[in-house]
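# Descriptive analysis of the structure
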Amino acid sequence: MRISFLGLGAIGTPMAVHVAARHDLTVWNRTGEKATRFAAVQGTRAAGTPREAVQGAEVVICCLSTSRDVESLLDGADGILAGLAKGVLFIDCTSGDPETSRRIAARLAPRGVDFVDAPVSGGVSGAESASLAVMVGGSAEAFGRARPVLECFGKRIEHIGPVGSGDALKAVNNALLAVNILASGEGLAALVKAGVPAAKALEIINASSGRSFVTESLVPARVLNGSWPRTFRLALLDKDVGIAVGLLEQTGVAGPMLRLAGDQFHAARQRLDAEADYMEAIRLIERDAGTEIRG
């Protein structure tokens, strides 16, 4: 198929690599040099504008930071709508918000363009190994069209419901991740100050009911050794938790736990630099507690 891929970020780039291995691909990125380099290495085409990128495409994939970023590319002489043909399938892999996705879908529908929100989970490593989980919102027909494309980089691909439902599930998933990061950091900091070795504490927690992806994978790989690699910006997790809190408001669910996590991550975002990794929230917990969680 002729596919356009817009957004070559940390996760988007390996996703696009897998698409390029199977399909005729054109790429676009806001920083044009990145698209040019990608095209040179992968043997694809680089477009100078969103309009140029989507011209002639059967499928358009976006993977940007926010739904508003996607929406901002639609209009204007060089926008997506200026080059989009009738019958195209529009797959938005952005971790977006349901309301904006529904608005985009409504604008595309009169043009005969199917839209699905298809946020992914699994991080950079999942994108590199083509083992991402993909949560798809859209019609059953659009999901059927999207699935063969999503199989380029996804392992578990699930149709969640109508447009916006994939975004909603991804936001809640990431809000739960945020809760686990904060709770793990606080609990381990207290244990270390109480004289319990961090590695021993994790060993027991991970054999007990308090374990989570954070304690099993993230804390051992990033906190115990003090490496703090930067793979996913804390600002993006803050955005996702905000979407989940918005969902609580729309559905009339009180949600004090997720709201508190949202407040804490927003505060952490203000205290750290713009490129801080999401796990650096635990560095702030360490700093405030006057201790370090190390193995």
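Here's what I pulled together on the structure shown here. (Residues numbered from 1 in each chain as written. Predicted model: local features only at pLDDT ≥ 70, side-chain atom pairs only at ≥ 80, totals over all residues. Heavy atoms only, no water.)

What the protein chain contains, in helices and strands, is 14 helices and nine strands. Taken against the 2.2 N^0.38 rule, which gives 19 Å for 295 residues, the C-alpha radius of gyration of the protein chain at 20 Å falls within 12% of a compact globule. Expressed along its principal axes, the backbone C-alpha trace of the protein chain runs to roughly 65 × 45 × 35 Å. Across the 295 residues that make up the protein chain, the buried fraction comes to 50%. Taking all contacts inside the protein chain whose residues are at least 6 apart in sequence as the whole, residues at least 24 apart take part in 66%. Total accessible area computed for the protein chain in this model is approximately 13000 Å², and 53% of it derives from carbon and sulfur atoms. (Helix = DSSP H or I, 4+ residues; strand = E, 2+ residues; numbered from the N terminus. Rg over C-alpha atoms; globule rule 2.2 N^0.38 Å. Buried < 20%, exposed > 50% of the residue type's maximum accessible area, 1.4 Å probe, protein only. Contact = heavy atoms within 4.5 Å. Areas by Shrake-Rupley, 256 points an atom, 1.4 Å probe, with all protein chains shown as cover.)

Moving on to the nonpolar core. In this structure, Ile181, Val219 and Met279 are the most contacted members of the largest nonpolar core, which totals 37 residues. Membership of the second largest hydrophobic core comes to 32 residues, among which are Ile3, Ala35, Val59 and Leu132. (Core = buried A, V, L, I, M, F, W, Y, C linked by side-chain atoms within 4.5 Å.)

Take the packing of helix H9 (residues 165-193) against helix H13 (residues 256-271) next. Where H9 contacts H13, the two axes come as close as 9 Å, and the packing angle between them is 70°. Classified by the interaxial angle, the pair formed by H9 and H13 is roughly perpendicular. Here Ala175, Leu176, Ala178, Val179, Ile181 and Leu182 of H9 come into contact with H13, specifically with Met257, Leu258, Ala261, Gln264 and Phe265. (Axes fitted to C-alpha atoms, helices over the stretch in contact; angles between N-to-C directions. Parallel < 35°, antiparallel > 145°, perpendicular 65-115°, else oblique.)

Take glycine 12: it is sitting in helix H1 (residues 12-20). Sequence separation between glycine 12 and valine 241 is 229 residues; the distance between their C-alpha atoms is 21 Å. Aside from chain neighbours lying at most four places away, what touches glycine 12 is Phe5, Gly7 and Cys63.

So, about the pattern of salt bridges. In this structure the tally under the stated criterion is 20 salt bridges. Salt-bridge contacts for glutamate 71 lead to arginine 103; the nearest nitrogen and oxygen are separated by 2.7 Å. Of this pair, glutamate 71 sits in helix H4 (residues 67-72) while arginine 103 sits in helix H6 (residues 98-108), and the two are 32 residues apart along the sequence. Close ionic contact of arginine 269 with aspartate 238 constitutes a salt bridge, the shortest N to O distance being 2.9 Å. Note that arginine 269 is positioned in helix H13 and aspartate 238 in helix H12 (residues 234-251), a separation of 31 residues in sequence. Judged by relative accessible area, which is 7%, aspartate 238 ranks as buried. Where salt bridges share partners, they join Arg230, Asp273, Glu280 and Arg283 into one cluster. (Salt bridge = Lys/Arg side-chain N within 4 Å of Asp/Glu carboxyl O.)

Even without a glycine there, the phi angle at alanine 130 is positive, about 55°. In this fold, alanine 130 is placed in the loop between helix H7 (123-128) and strand E8 (132-137). Taking relative accessible area as the criterion, alanine 130 reaches 22% and is therefore assigned partly exposed.

With that settled, consider the packing of H9 against H12. At their nearest, the axes of H9 and H12 sit 8 Å apart, and the two run at 115° to each other. Where H9 crosses over H12, the handedness of that crossing is left-handed. Facing H9, whose interface residues are Ala168, Ala171, Val172, Asn174, Ala175, Leu177, Ala178 and Ile181, H12 presents Leu237, Asp240, Val241, Ile243, Ala244 and Leu247. For the contact of H9 with H12, the class distribution of residues is 12 nonpolar, one polar and one charged. (Left-handed = near helix turned anticlockwise from the far one by under 90°. Nonpolar A, V, L, I, M, F, W, Y, C, P; charged D, E, K, R; others polar.)

Here the focus is the pairing of strand E2 (residues 24-28). Burial within E2 is extensive, with four of its five residues counted as buried. Where strand E1 (residues 2-6) and E2 come together, five bridges link them in parallel fashion. The residue bridging phenylalanine 5 from the neighbouring strand is valine 27, located in E2. For the crossover that starts at E1, traverses H1 and ends in the parallel E2, the hand is right-handed. (Pairing = 2+ DSSP bridges. Right-handed = clockwise from strand over helix to strand, strands pointing away.)

This part takes up the layout of surface pockets. Roughly 1300 Å³ of volume is contained in the largest pocket. In terms of lining residues, the largest pocket is bounded by 48 residues, among which Ile11, Gly123, Thr231, Phe232 and Leu236 are the most central. Within the residue set of the lining of the largest pocket, elements represented by two or more residues are strand E7 (120-121), H7, E8, H9, helix H11 (213-223) and H12. When residues in the lining of the largest pocket are grouped by element, the largest group, seven residues, is from H9. Residues belonging to the lining of the largest pocket are distributed by class as follows: 20 nonpolar, 17 polar and 11 charged. (1 Å grid on protein atoms, 1.4 Å probe; cavity = no way out; pocket = protein on both sides within 12 Å on 5 of 7 lines; lining within 4 Å. Points joined across faces, edges and corners; volume = space filled by probe spheres on them.)

Within the secondary structure layout, glutamate 286 lies in helix H14 (residues 281-289). For glutamate 286, the residues in contact, after removing those within four places along its chain, are Val223, Trp228, Thr291, Glu292, Ile293 and Arg294.

By themselves, these observations are geometric and do not establish any function.
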